[in-house]
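Residues per chain are reported as follows:
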Amino acid sequence: MKRFLVVILLMVALVPASTAQIPEAEPPGWEIGWEGEDDIVIFELDPDTYAFELILEFWIENTYLIPIEVDFETEFVNSGLGDFVQIDDPGKVSVPASSNESFELKISCQNSCVLWRADDVLDTVELTATNYVVEQEQSSQEISQKIQPSSIYGFEVTFEPITNSKGPKINSGTYEMIDVIIGLTGNNNDAISKIDMSFRGCPQMNFDAKDSGLEAGTVIKLMDQGRGPVKLSAPSSHPDKTCKFIVVVTS
């Protein structure tokens, strides 16, 4: 009987040895940051009182295996306007181990808020957070946010001369000059888009505002006012009565 020898050839492919790089694990710690990513946060002012309430949301991430406590301090950096606001932070908070918690910082003003009137007031809020473990202070982190009031637009109209809340007395067949003064009730430069003048209750009375310089397109600047003379005249047949001169200015 013939015997056959079966030979199995094992092909082995040799490849250069390579070492896999295992990324190093980040050491545990904590971090704080704002929820939003706006460079400047605009807050809304009440158009009459300039009162406001602004809520800034932030987060704290704790990657420690134990809970931490965090306390806060807040200040305004660029001006003394922080003296006229109320700041409500969360107080000392506990952040559980391996968690990310969200919190709120409330900034508000109810009195003396007119100091925030100019819309170009730009301030920076700095929030300093200090981490405690078992009542022992460990480290602090600081985040900051620029804030700015919203723009408010509007005009107010006054007159000169005024005596006892009344304008000049105009005899029949004569005229008097009165200054129309337009000031801002808002906190930003504003342009007149429309100006209307009329008499109420005295259809015969006339006015001439062609030399007043007050017209659509006139820009009224902050800390300034528009002023222009208007000629008010009464026809010779006008009866003796009190007339109302109305000026309506549209922003």
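Anyway, here's the lowdown on the structure attached to this text. (Residues numbered from 1 in each chain as written. Predicted model: local features only at pLDDT ≥ 70, side-chain atom pairs only at ≥ 80, totals over all residues. Heavy atoms only, no water.)

It is worth spelling out the overall build of the protein chain at this point. The secondary structure content of the protein chain amounts to zero helices and 17 strands. Within the span of the protein chain, comprising 251 residues, buried residues form 33% of the whole. When contacts within the protein chain are restricted to residue pairs at least 6 apart in sequence, those whose partners lie at least 24 apart make up 74%. (Helix = DSSP H or I, 4+ residues; strand = E, 2+ residues; numbered from the N terminus. Buried < 20%, exposed > 50% of the residue type's maximum accessible area, 1.4 Å probe, protein only. Contact = heavy atoms within 4.5 Å.)

This part covers the sheet that holds strand E1 (residues 30–34). Read across the sheet, four strands follow the order E1-E3-E7-E5 without closing on themselves; strand pairing throughout is antiparallel. The open sheet terminates on both sides in strands that have one partner only, identified here as E1 and strand E5 (86–88). With strand direction ignored, the average angle separating the axes of adjacent strands in the sheet is 20 degrees. Both E1 and strand E3 (residues 52–62) contribute to a ladder of five bridges, which runs antiparallel. Residue pairing across strands places glutamate 31 opposite glutamate 61, the latter belonging to E3. (Pairing = 2+ DSSP bridges. Axes fitted to C-alpha atoms, helices over the stretch in contact; angles between N-to-C directions.)

Looking at the element boundaries, asparagine 62 is found in strand E3. Reaching out from asparagine 62, the side chain makes a polar contact with the backbone nitrogen of tyrosine 64 at a distance of 2.9 Å. Each residue touching asparagine 62, except ones within four places of it in the same chain, is listed here: Gly29, Trp30, Pro67, Ile68, Val95, Pro96, Ala97, Ser98 and Ser99. (Polar contact = N/O pair within 3.5 Å; in protein donor to acceptor, adjacent residues only side chain to side chain.)

Turning next to the nonpolar core. The biggest cluster of nonpolar side chains holds 32 residues, and the ones touching the most others in it are Ile32, Phe58, Ile60, Val70, Phe72 and Ile107. Where this core is concerned, the elements lending two or more residues are E1, strand E2 (40–43), E3, strand E4 (68–76), strand E6 (93–95), strand E7 (99–109), strand E8 (123–133) and strand E9 (136–149). Residues within four places of isoleucine 60 in sequence aside, it is in contact with Trp30, Glu31, Ile32, Val70, Phe72, Val95, Ser99, Asn100, Glu101 and Phe103. (Core = buried A, V, L, I, M, F, W, Y, C linked by side-chain atoms within 4.5 Å.)

The tally for this structure, following the rule as stated, stands at seven aromatic pairs. Ring geometry for phenylalanine 43 versus phenylalanine 52: centroids 4.3 Å apart, planes at 35 degrees, classification tilted. When its relative accessible area of 2% is taken as the criterion, phenylalanine 43 is described as buried. According to the relative accessible area criterion, phenylalanine 52 is buried, its value standing at 3%. Aromatic side chains phenylalanine 58 and phenylalanine 72 sit 5.4 Å apart centroid to centroid with 70 degrees between the ring planes, which places their arrangement in the edge-to-face category. (Phe/Tyr/Trp six-rings, centres within 6.5 Å; stacked < 30°, edge-to-face > 60°.)

Before going further, it helps to examine the pattern of salt bridges. Applying the stated rule across the entire model yields four salt bridges. Here glutamate 160 makes a salt bridge to arginine 227, at a shortest N to O gap of 3.1 Å. Pair noted here: glutamate 160 is in strand E10 (residues 155–160) and arginine 227 is in strand E16 (residues 226–233), with a separation of 67 residues, a long-range link. By relative accessible area, arginine 227 is classed as partly exposed at 39%. With a shortest N-O distance of 3.1 Å, aspartate 179 and arginine 227 are connected by a salt bridge. Taken together, the residues span a long stretch of sequence, with aspartate 179 in strand E11 (residues 175–184) and arginine 227 in strand E16 at a distance of 48 residues. (Salt bridge = Lys/Arg side-chain N within 4 Å of Asp/Glu carboxyl O.)

With that settled, the discussion passes to the sheet that holds E2. Here we have five strands laid out as an open sheet, ordered E2-E9-E8-E4-E6, and mixed in their pairing. The two strands at the open ends of the sheet, each matched to only one other strand, are E2 and E6. Taking each pair of neighbouring strands and ignoring which way they run, the sheet shows an average axis angle of 40 degrees. Across eight bridges, E4 lies against E8 in antiparallel orientation. Within the sheet, the bridge partner assigned to aspartate 71 lies in E8 and is threonine 130.

Without other data, these values stay purely geometric and don't point to any function.
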